[in-house]
Amino acid sequence: MSLNEKDSNSVSTAELDVALINVLKAPKNKRAKVPWFYAPVFLLLWFALFFAVVIPLFSRLPDGVTIAEEEQKPGQFVAERAQRILLDYDLIGPKVVGSIANEEVTVAFLVDEVEKVRAAMRQDLYDLEVDVQQSSGAYMHWNMVNMYQGVQNVVVKLSTRGSTSESYLLVNSHFDSKPSSPGTGDDGTMVIVMLEVLRQVAISSQTFEHPIVFLFNGAEENPLQASHGFITSHKWAKNCKALVNLEVAGSGGRDLLFQGGPNHPWLMEYYKNHAKHPFATTMAEEIFQSGILPSDTDFRIFRDYGHVPGLDIAQVSNGYVYHTIFDNYAAVPRNSLQNAGENVLPLVRAFANASELYDTDAHAEGHAVFFDFLGLFFVYYRASTGTILNSCIAAVSIALVCVSLWRMARVSEVSLLDISIWFGILLALHVLGMILCLGLPLLMAVMFDAGDRSLTYFTNTWLMIGLFICPAIIGLSLPTTVYYMFRKNLNISHAYHVQMSLHAHCIVLSIIAIILTAISLRTPYLCMISTFFYSAALLINLLSSLHDRGYFWVLIMQIFQLMPFFYFCSLFYMFLVIFIPMMGRNGSSINPDLLVCLLCVGGVFFALGFVSPLINMFRWSKFVMLGLGIITFIFSMIAISDVGFPYRAKTSVMRVNFLHVQRTFYEYDGSVSINDSGYYFDFQDRRLQYPLEDTTVNLTGLHSINADCDTLLMCGVPCFNHRWCKARSTGHWLEREEPVNIPGNASIELLAKTVQASNNTVRYEFELSGPPHMGLFIQPLDDVAVSDWSFIRNMLDEPEDYTLPYQIFFSYGKDNTPLKFHIDFVKSDGNFDVPIFELGVAWHYVSYDYERDAAGIKFINSFPDFVHVMEWPTLYKRYVL
């Protein structure tokens, strides 16, 4: 009795195995398929491999070395000591620029720790110098003049006695933090890693050639001010020839190399040879440098203002605690410190002996393509080599597919033209499948957003399986499944048809690789990996005749798909680990589900692109599609229940940013048009205040300020930095009855107004004083333009690149000297006895050196426990002059 005649529900296991083998080796039965009950097993096998292989390797960390083990492991990073120092760092609390905690306590803490290193150092081998730098300067940060005064760096130079090298290695991290966060992860983890690396290098008998500068910078969150102060003005800056920048975008986990160079592939050679736990991808570099992430690092400052090539490395796990009160000592595992230390310590030692530092310009040889495989090994090659690899492997893949089609025609005794037509149909169906693979998850994302149900997977990330992954698999497979349901072509075997559907995916990947390589992207290495392993399997099948023996070719094909599957799952899982927490702080302008579903689609397309078509190898494959659809429906129902509420106390909180604002608007004649107090909200959730409805916080009267943007300077609110100001139209205002108590001094004084009739200009001179964070907004009125001022001139010299109003962000660390500045305006008629410009001044009392008033504290405490609040009092005054 044939397999098609058997009752599949009544056979024994042994009979099933025999039946399967008969199907695999029976090419003459052109409609033969594998029994349907193998389909769930087939899909669950790949699902199980993900959890059995990818997740454990992704989460793997080395055991932390203890102090007791130090004698048996000389020269190794000691995580226990680092952890003890990290606890002391954590106990300092939030370290906001300008606060006592940051400028005095933390600086003293770092200097003391460095002196402990000096006491343990090999005095006969090394020299150690410490410089506490105060720097002042300014640069353009997006659409904002970023101006700073007296921000501090603790700079340590360690050099071998007798070294004559004037080329230094720079290692950087920052010790300041966001308000309300102790910053123990970001970036305390890397500060302490640097201290332990400094200690291990200083006590070692292994000397090094180039001096090492350890920069503990005190104003990164402001943003990026102290690194700019160092690289533009410090006495050692001009000697720094290579960089290791250390960051944290969460707390714990492995440290990701997400930027390198630029144009210095030799850096990757050192990372390959010396990083003990490689974790890197070119794709992360291209995504980060595209600007779609709401983050930036000091790496950009060293690159743009110091032209220092280097590596940008960050821990990326548990981004839920990033910039919150929960970024504390308890959130940093000892083993993650060990992982970072075992990477950074050998890298520092290697770079400190690198001959390339003598002349880095001579080794600027283009970009690099780089990636790791599950942390087991690291691959890198130059971008020019990548162009050749991508093109050649794509060409070979296309050629092998052509040979396979010719072989099918010959074995099946049909014309090559007929085979080509049938393949063309499958290729078109696969392109349609790609569109559906993208379209169905996007439809889910749009529908959930329309129903105010975005971010349902924020805490329970497993919901993505039903919401995005299953629809993507359905979309990728559905067109060919429908085609096989109605196909009447029996001239070639079904095994050949299924094989051609995989060929179609290979052709699409090859074309994508060629196109993206042609526009100088490096991410097409993903296509190269996928087509390489598929082509290798296809070549073996062709040479061994498995190609023509029913479904036996599937065995080789799927064995060769294991490595790409593991890699792509790990890669896109990493991006989900990074991006999902980011979506909780991405603001309200963009649907966060769109980006997350795109990552899921990318994972399905690359990891399962050569797997999902095999669903059609099984009988009743339409029921597999139906099953995946049922899973999607069930998960959707779960997502709109309480399970899908995004936030949880302590572990995955909702972020709410607001200012306690007292504002006064003065008109040209001195009268006051607005004088009130309220809370200015910059919501981070897509749904604004929706998750806070029916909770303990009273938001009655909350309204959008969008309508004020056409009539009031900066929409009438004192937005803090460039990100707040860019999104100011989405801000909200909640009036409060009690005036906000301003906890510190604030003044803006007009020192002089000088008209220069000869060139129709007027100069206004001011003196500004107040807390460590202040902002200026300058809006010339009709027929008036700014001709000069005492700030950097970028916005005046390149007006097409910037938009009005002008924004000046000013902060200080140790030096609270009042800021004196002037602004020159030009007016064609020379009449300056009329309103010339609007000036907005914001005084931000960010740190906890400034008390919140009783009404403000009561309001803060009224938020539910799943909310993390970042807030501070602000005085805002607007003048018409």
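Residues numbered from 1 in each chain as written. Predicted model: local features only at pLDDT ≥ 70, side-chain atom pairs only at ≥ 80, totals over all residues. Heavy atoms only, no water.

### Digging into the overall build of the protein
Now for step 1: Within the protein, the secondary structure is distributed over 22 helices and 21 strands.
Now for step 2: Against the 2.2 N^0.38 benchmark of 29 Å for 881 residues, the protein shows a C-alpha radius of gyration of 31 Å, consistent with a compact globule.
Now for step 3: Seen through its principal axes, the protein has C-alpha atoms that stretch 100 × 70 × 55 Å.
Now for step 4: The proportion of buried residues among the 881 residues of the protein is 60%.
Now for step 5: When contacts within the protein are restricted to residue pairs at least 6 apart in sequence, long-range pairs at least 24 apart make up 82% of them.
Now for step 6: Of note, the protein has its 59 positive side-chain charges centred 10 Å away from the centre of its 83 negative side-chain charges. (Helix = DSSP H or I, 4+ residues; strand = E, 2+ residues; numbered from the N terminus. Rg over C-alpha atoms; globule rule 2.2 N^0.38 Å. Buried < 20%, exposed > 50% of the residue type's maximum accessible area, 1.4 Å probe, protein only. Contact = heavy atoms within 4.5 Å. Lys, Arg positive; Asp, Glu negative; His and termini not counted. Charge placed at Lys NZ, Arg CZ, Asp CG, Glu CD.)

### Re the side chain of Gln338
Now for step 1: Here Gln338 lies in helix H10 (residues 334-351).
Now for step 2: Contact partners of Gln338, with chain neighbours within four places excluded, come to Pro62, Asp63, Gly64, Val65, Phe77, Val78 and Ala79.

### Re the nonpolar core
Now for step 1: If you look at the biggest cluster of nonpolar residues, it comprises 140 residues, and the most contacted ones within it are Phe468, Phe681, Leu692 and Phe863.
Now for step 2: If sequence neighbours within four positions are ignored, Phe863 has contacts with Val656, Phe658, Phe681, Leu692, Thr696, Val697 and Val869.
Now for step 3: Ranked by size, the runner-up nonpolar core spans 65 residues in total, among them Ala79, Phe175, Leu246 and Leu337. (Core = buried A, V, L, I, M, F, W, Y, C linked by side-chain atoms within 4.5 Å.)

### What about the packing of aromatic side chains?
Now for step 1: Taken as a whole and assessed by the stated rule, the structure comprises 68 aromatic pairs.
Now for step 2: Each ring, one from Phe681 and one from Phe683, has its centre 5.0 Å from the other, and the planes form 5 degrees; the classification is stacked.
Now for step 3: By relative accessible area, Phe683 is classed as buried at 2%.
Now for step 4: Relative to Phe837, the ring of Phe825 has its centre 4.4 Å away and its plane inclined at 25 degrees; by these criteria the two rings are stacked. With Phe825 in strand E19 (residues 819-827) and Phe837 in strand E20 (residues 837-844), this residue pair connects regions lying 12 residues apart in the sequence. (Phe/Tyr/Trp six-rings, centres within 6.5 Å; stacked < 30°, edge-to-face > 60°.)

### Quick word on a nonpolar patch on the surface
Now for step 1: A contiguous nonpolar patch, built from Trp36, Trp620, Phe623, Leu626, Ile630, Phe633, Ile634, Met637 and Ile640 and spanning about 890 Å² of accessible area, is present on the exposed surface.
Now for step 2: Note on placement: Ile634 falls in helix H19 (residues 621-639).
Now for step 3: Look at Ile634 and you get partly exposed, because its relative accessible area is 44%. (Patch = residues over 30% accessible without salt bridge, like charges linked within 9 Å, V, L, I, M, F, W, Y side chains within 5 Å. Areas by Shrake-Rupley, 256 points an atom, 1.4 Å probe, with all protein chains shown as cover. Salt bridge = Lys/Arg side-chain N within 4 Å of Asp/Glu carboxyl O.)

### A word on the environment of Thr456
Now for step 1: As for its placement among the helices and strands, Thr456 is situated in the loop between helix H12 (416-450) and helix H13 (463-486).
Now for step 2: Under the relative-accessibility criterion, Thr456 is labelled buried at 2%.
Now for step 3: Each C-alpha atom, one on Thr456 and one on Ala639, is 5.8 Å from the other, the two residues being 183 residues apart in sequence.
Now for step 4: Excluding residues that lie within four positions of it along the chain, Thr456 makes contacts with Phe448, Leu463, Leu467, Ala639, Val643 and Gly644.

### Let's talk about the packing of helix H5 (residues 184-203) against H10
Now for step 1: The geometry of H5 relative to H10 is characterised by a closest axis approach of 9 Å and an angle of 50 degrees between their N-to-C directions. With respect to each other, H5 and H10 are oriented oblique. H10 is crossed by H5, and the crossing has right-handed handedness. Along its contact with H5, which presents Thr189, Met190, Val193, Val197, Gln200 and Val201, the element H10 presents Leu337, Ala340, Gly341, Val344, Leu345, Val348 and Arg349.
Now for step 2: Its residues assigned to classes, the contact of H5 with H10 comprises nine nonpolar, three polar and one charged. (Axes fitted to C-alpha atoms, helices over the stretch in contact; angles between N-to-C directions. Parallel < 35°, antiparallel > 145°, perpendicular 65-115°, else oblique. Left-handed = near helix turned anticlockwise from the far one by under 90°. Nonpolar A, V, L, I, M, F, W, Y, C, P; charged D, E, K, R; others polar.)

### Remarks on the state of the cysteines
Disulfides are covalent bonds that link the sulfur atoms of two cysteine residues.
Now for step 1: This structure, assessed with the given rule, holds two disulfides.
Now for step 2: Each disulfide pairs two cysteine sulfurs, and for Cys709 the partner residue is Cys715, the sulfurs being separated by 2.0 Å. Torsion about the S-S bond of the Cys709 and Cys715 cystine: about 105 degrees, corresponding to right-handed handedness.
Now for step 3: The disulfide partner of Cys719 is Cys725, and the gap between their sulfur atoms is 2.2 Å. On the sign convention where negative is left-handed, the bridge of Cys719 and Cys725, at about 95 degrees about the S-S bond, is right-handed. Each of the two residues, Cys719 as well as Cys725, counts as buried.
Now for step 4: In the protein, the cysteines engaged in disulfides, taken in order along the sequence, are linked 1-2, 3-4.
Now for step 5: There is no disulfide at Cys600, and the cysteine sulfur nearest it, in Cys597, is 7.3 Å away.
Now for step 6: Judged by its relative accessible area of 4%, Cys600 is buried. (Disulfide = S-S within 2.5 Å.)

### Re the pairing of strand E21 (residues 867-880)
The side chains of a regular strand alternate between both faces of the sheet.
Now for step 1: Counting buried residues in E21 gives 13 out of 14 residues, a clear majority hidden from the surface.
Now for step 2: Two strands pair when backbone bridges link them, and strand E10 (residues 654-666) and E21 are joined in this way by 12 bridges, in the parallel orientation. Paired with Arg655 across the strands is His868, a residue of E21.
Now for step 3: As paired elements, E20 and E21 share seven bridges and run antiparallel to each other. Among the inter-strand pairings, Gly840 is bridged to a residue of E21, identified as Arg878. (Pairing = 2+ DSSP bridges.)

### Concerning the sheet that holds strand E15 (residues 761-769)
Now for step 1: Here we have four strands laid out as an open sheet, ordered E14-E15-E19-E17, and antiparallel in their pairing. Each end of this open sheet is capped by a strand with a single partner; those strands are strand E14 (747-756) and strand E17 (784-789). Looking at each pair of strands side by side, their axes are set apart by 25 degrees on average, direction ignored.
Now for step 2: The sheet contact formed by E17 and E19 spans five bridges and is antiparallel. Bridge pairing in E19 places Ala785 opposite Val826.

### Brief notes about the side chain of Asp824
Now for step 1: Note on placement: Asp824 falls in strand E19.
Now for step 2: A polar side-chain atom of Asp824 sits 2.7 Å from a polar atom in the side chain of Arg763.
Now for step 3: With residues up to four places along the chain from it excluded, the contact list for Asp824 reads Val762, Arg763, Ala785, Val786, Ser787 and Asp788. (Polar contact = N/O pair within 3.5 Å; in protein donor to acceptor, adjacent residues only side chain to side chain.)

### Let's talk about the confidence of the model for the protein
Now for step 1: Looking at the protein as a whole, the pLDDT averages 94, with 96% of positions reaching at least 70.
Now for step 2: Here residues 1-21 is modelled with pLDDT under 50, and outside its nearest four sequence neighbours on either side it reaches 17 contacts, counting other chains as well. (pLDDT = per-residue confidence, 0-100.)

### Quick notes on helix H14 (residues 494-518)
Now for step 1: Helix length check: H14 (25 residues) gives 36 Å between terminal C-alpha atoms against 36 Å at 1.5 Å per residue, within 8%.
Now for step 2: Here H14 lies mainly inside the structure; 19 of its 25 residues are buried.
Now for step 3: Looking one or two residues past H14, Ser520 carries a phi angle of roughly 70 degrees, positive in sign. (Expected span 1.5 Å × (residues − 1).)

### Some thoughts on the packing of helix H2 (residues 38-59) against helix H17 (residues 562-583)
Now for step 1: In contact at an axis separation of 10 Å, H2 and H17 are set at 65 degrees when each is read in the N-to-C sense. Our pair here, H2 against H17, has a crossing hand that is right-handed. Residues Trp46, Leu49, Phe50, Val53, Val54, Ile55 and Phe58 of H2 form the contact with H17, whose own contacting residues are Leu562, Phe565, Phe566, Cys569, Ser570, Tyr573, Met574 and Val577.
Now for step 2: Of the residues that constitute the contact of H2 with H17, the class distribution is 14 nonpolar, one polar and no charged.

### Let's talk about the pairing of strand E1 (residues 126-141)
Now for step 1: Relative to strand E2 (residues 144-160), E1 runs antiparallel, the two being bridged by 15 bridges. Of the residues in E2, the one forming a bridge with Val130 is Val156.
Now for step 2: As consecutive antiparallel partners, E1 and E2 are separated by two residues, and within that stretch Trp142 has a phi angle of approximately 55 degrees, a positive value.

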